[in-house]
Amino acid sequence: MRSDPALSLKNLTVCYGGGCEACRGEMAKGMKKNRCPVCGSIWALREVSLSLFSGEILGVVGESGSGKSSLLKCLYFDEIPLGGQLTLPDIAENAFSLSRQAQRRIRNAHMGMVHQNPMLGLRMDYSAAANIAENLIAANCRNVRLLQDRIDELLDIVEMSSYRRRETPRHFSGGMQQRVQIAKAIANRPDILLLDEVTTGLDLSVQAKILDVLKKIIRDFNISAVLVSHDLAVIRMLAHRTVVMLDGKIIEQGLTDQVLEDPQHFYTQQLVHSLLCI
Ligand SMILES: Nc1ncnc2c1ncn2[C@@H]1O[C@H](COP(=O)(O)OP(=O)(O)OP(=O)(O)O)[C@@H](O)[C@H]1O
Ligand SMILES: [Mg+2]
Ligand SMILES: [Zn+2]
């Protein structure tokens, strides 16, 4: 699948800890791991470049700490990068250089995010409906009748009984919490969905149902998605293309089948092999 890019990312760099002269200079390029041995700063992303094409699902895999969530947080403007350029065609030449307010506007109109940690994506003491309404209101939907109707519609899309709309996510199972996160993420009909370990930690049967719901949403609403998962089975099922991350860098990328069936990098070979051995 090749079409116009929905987004292009160039040289995204994120450093937690501020860095020092050593790691901000030439040494950065030579650092094997993402941690500076001099000052201890974590270089969570080191000049990451990628494109997401329209209608495509881009998988992102890599071990814990490789920078997957940091990548999504930057794309959702939750994390301010040290450097890099995010081009959103017809919207912004470099969205990272816009004001926070402009970034919020873009996020509300064009993006949806499912956080790895539901505590970050949901207000646990608000009802499911209020959680979804929060995003609708942020995009200026203020009419109560329209709000109610859209919330019902969204609960229906994520296959959640509407009688649960008044309950709070704190009392939901992990699968239910993810359904509310998904409903909230697609509330404003985004072009781009950012999905961080959506099914991690869920029972296999629940996982399968949530993946079905997602597949349907992405297809029916012609959404482009970045799908982060350390579960290669999930990536294999959904992602058209896949990038493999290690220590804040992309070490391999290609069509998902290619990457999983004929991995070139030693680390990817190990990753695929470990899955086959389970
Ligand atoms: N707010 C933060 N402050 C300091 N270090 C952080 C912060 N967030 C992440 N890190 C570090 O940055 C690196 C990348 O973290 P990130 O959460 O992006 O990894 P990940 O690939 O999503 O891992 P996981 O698979 O465990 O979710 C890790 O070394 C992590 O410890
Ligand atoms: Mg993560
Ligand atoms: Zn340093």
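Note that the structure is a prediction, hence the values are computed from the model and not measured.

Considerations on the overall build of the protein chain
Looking only at helices and strands, the protein chain has 12 helices and 9 strands in total. Here the C-alpha radius of gyration of the protein chain, 19 Å, is about what a compact globule of 278 residues would show, namely 19 Å. Across its three principal directions, the C-alpha atoms of the protein chain cover 60 × 45 × 35 Å. For the protein chain, buried positions account for 51% of its 278 residues. By sequence separation, contacts in the protein chain at least 24 residues apart represent 68% of the contacts at least 6 residues apart. Only carbon and sulfur atoms are counted for the fraction: they give 50% of the accessible area of the protein chain, which is about 13600 Å². Each charge class in the protein chain was averaged separately, 32 positive and 30 negative side chains, and the resulting centres sit 5 Å apart.

Notes on the coordination of the zinc ion (ligand 3)
Each protein donor to the zinc ion (ligand 3) is listed here as Cys20 (SG), Cys23 (SG), Cys36 (SG) and Cys39 (SG); together their distances run 2.3 Å. Bound by 4 donor atoms, the zinc ion (ligand 3) shows angles of 105 to 115 degrees at the metal and therefore tetrahedral coordination geometry. Going along the chain, you hit the donors of the zinc ion (ligand 3) in the pattern C-x2-C-x12-C-x2-C. Of this pair, Cys23 sits in helix H1 (residues 21-24) while Cys39 sits in the loop between helix H2 (27-30) and strand S2 (42-53), placing them 16 residues apart in sequence. Residue class for Cys23 comes out buried when judged on its relative accessible area of 0%.

What counts as what
- Residues numbered from 1 in each chain as written.
- Chains lettered and ligands numbered in written order.
- Predicted model: local features only at pLDDT ≥ 70, side-chain atom pairs only at ≥ 80, totals over all residues.
- Heavy atoms only, no water.
- Helix = DSSP H or I, 4+ residues; strand = E, 2+ residues; numbered from the N terminus.
- Rg over C-alpha atoms; globule rule 2.2 N^0.38 Å.
- Buried < 20%, exposed > 50% of the residue type's maximum accessible area, 1.4 Å probe, protein only.
- Contact = heavy atoms within 4.5 Å.
- Areas by Shrake-Rupley, 256 points an atom, 1.4 Å probe, with all protein chains shown as cover.
- Lys, Arg positive; Asp, Glu negative; His and termini not counted.
- Charge placed at Lys NZ, Arg CZ, Asp CG, Glu CD.
- Donors = N, O, S within 2.8 Å, 3.2 Å for Na, K, Ca; no water.
- Tetrahedral: all angles 85-135°; square planar, octahedral: opposite > 155°, others 65-115°.

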